[in-house]
Amino acid sequence: METVKVGVIGTGFIGPAHVEALRRIGHIEVVALAEVDQATAKAKADALGIPRAYGDYRELLEDDEVIAVHNCTPNKLHYPVNRAILEAGKHCISEKPLAMNSDESRRLVELAEQSGLVHAMNFNYRLNPLVQHARVMIERGEIGEVRHARGAYAQDWLLKPTDYNWRINVADAGPSRCFADIGSHWCDTVQTLAGAHIDEVMADFTIVHDERLRPRGEVESFAGKQPSAEDLEPCKVETEDLAMVMMKLSNGATASLVATQVSAGFKNAFTFTVDGSEASISWDQERPNELWIGHRDRANEKLVKDPDLLHEEIAELAHFPGGHPEGYPVGTKNMCLLAYRDIRAGGPAEKPLYATFQDGHAEMCIVDAAVESARDRRWTKVER
Ligand code: SOE
């Protein structure tokens, strides 16, 4: 099999996760990386063992050997970089969000569809093997009619007023932070599970710290260590730390989510329960190898990940035998596995399991509606 040559733009928290995922599937070589300047690019390329380093992403896009590019830049660069990748005729794998607003994301969908290139988004949680097993269970009617999805996505890395990151700024990350950053994963997963769209939302956003202390330099997500007091300056916060969102789905079901980045002790606590007319299913991404299945008239079950026990059509998404747990990285690995299968086939499959730019656009529209709803304090339709 021929080796596919790949480039990665941006190597903060998530870029290296893409590189690792790519290296876990065969016949792919990350040959180039781009960063904000040449020195950073060189240092990151050395650390990650990537041969070519570019101080400007446009140079990477001129690299003829590269046929697919991962956009792992901060949010405000997603639109121009995704656009440039597609215009350069290269397959595009983008981090979420797809763009800064739904006008931009709509344009990217048009461009991607016209291009015939593969366009994928890293909504990684939907590709955990047990999440896909739950999806197939629902599709086969094993939990009956889907009535409600409920859950939370809780983190604590922005708990203190001294916690700061570019995601806090509207100009860098967009008008919603907590809901757009982590609530979006939950919405994508629930839409995937239910096989339905979120059509209407009622959102309530809370800013816990309306002023934070910002370090004078840049800080990566989950950087952990606190700078000293003299290196901090105050800044105004305009994006929510906590979001409560109720939703109506196109299949008649409803959903409710609490997304928070200020809940002490909760690191990446993404949980969902889908209540059906016959059974319920629950999953917790911090215990990703267990799927809980709840019954009314018999004992509840816990399915522990084992490819031999998963529904056949998605069993390939589990890469180790039973008793050998998999975790957070498996979602991005599966996204790469499926997207690169399409890249080798020459273009996107009809209905891929990975998220595409259409899903990325759908997510932007949900975020737009939630921002409007929180502002106007009323139920708001998701306009596509
Ligand atoms: C930061 O909140 C973040 O890295 C998100 O941006 C990711 O999408 C999520 O998977 C983990 O948390």
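Above this text you will find the structure in question.
So, here is what we can say about the structure in this document. Predicted model only: the values in this text are computed from it and were never measured. (Residues numbered from 1 in each chain as written. Predicted model: local features only at pLDDT ≥ 70, side-chain atom pairs only at ≥ 80, totals over all residues. Heavy atoms only, no water.)

### As for helix α6 (residues 129-139)
Next, step 1: Across the 11 residues that make up α6, a large majority, 10, are buried.
Next, step 2: Of the residues making up α6, those classed as buried are P129, L130, V131, Q132, H133, A134, R135, V136, M137 and I138.
Next, step 3: N-cap assignment for α6: the residue whose side-chain oxygen lies 3.0 Å from the backbone N of L130 is N128.
Next, step 4: Backbone geometry just downstream of α6 places G141 in the positive-phi region, at approximately 80 degrees. (Buried < 20%, exposed > 50% of the residue type's maximum accessible area, 1.4 Å probe, protein only. Helix = DSSP H or I, 4+ residues; strand = E, 2+ residues; numbered from the N terminus. Polar contact = N/O pair within 3.5 Å; in protein donor to acceptor, adjacent residues only side chain to side chain.)

### A few points about the sheet that holds strand β16 (residues 301-304)
Next, step 1: Across the sheet, which stays open at both edges, the 9 strands sit in the order β16-β15-β14-β13-β7-β12-β11-β8-β17 with mixed pairing between neighbours. The sheet is open, and its two borders are formed by β16 and β17 (380-381), each paired with just one other strand.
Next, step 2: Here 5 bridges tie strand β13 (residues 269-276) to strand β14 (residues 280-284), and the two strands are oriented antiparallel to one another. From the neighbouring strand, D275 faces β14, where its bridge partner is S280.
Next, step 3: Sheet contacts for α6: β7 (146-154), β13, β14, β15 (290-294) and β16; angle to β15, the most-contacted strand, approximately 30 degrees. (Pairing = 2+ DSSP bridges. Contact = heavy atoms within 4.5 Å. Axes fitted to C-alpha atoms, helices over the stretch in contact; angles between N-to-C directions.)

### Comments concerning the pattern of salt bridges
Next, step 1: Counted by the stated rule, this structure contains 32 salt bridges.
Next, step 2: When the shortest N-O distance is used, the salt bridge between R83 and E87 registers 3.1 Å. Of this pair, R83 and E87 both sit in helix α4 (residues 78-87), 4 residues apart, roughly one helical turn.
Next, step 3: In this structure, R375 engages D376 in a salt bridge whose closest nitrogen and oxygen atoms are separated by 2.9 Å.
Next, step 4: Accessibility expressed as a relative area gives 59% for R375, which makes it exposed.
Next, step 5: On the accessibility criterion, D376 (29% relative accessible area) is partly exposed.
Next, step 6: A single salt-bridge network, built from bridges that share partners, covers K5, R52, D63 and E65. (Salt bridge = Lys/Arg side-chain N within 4 Å of Asp/Glu carboxyl O.)

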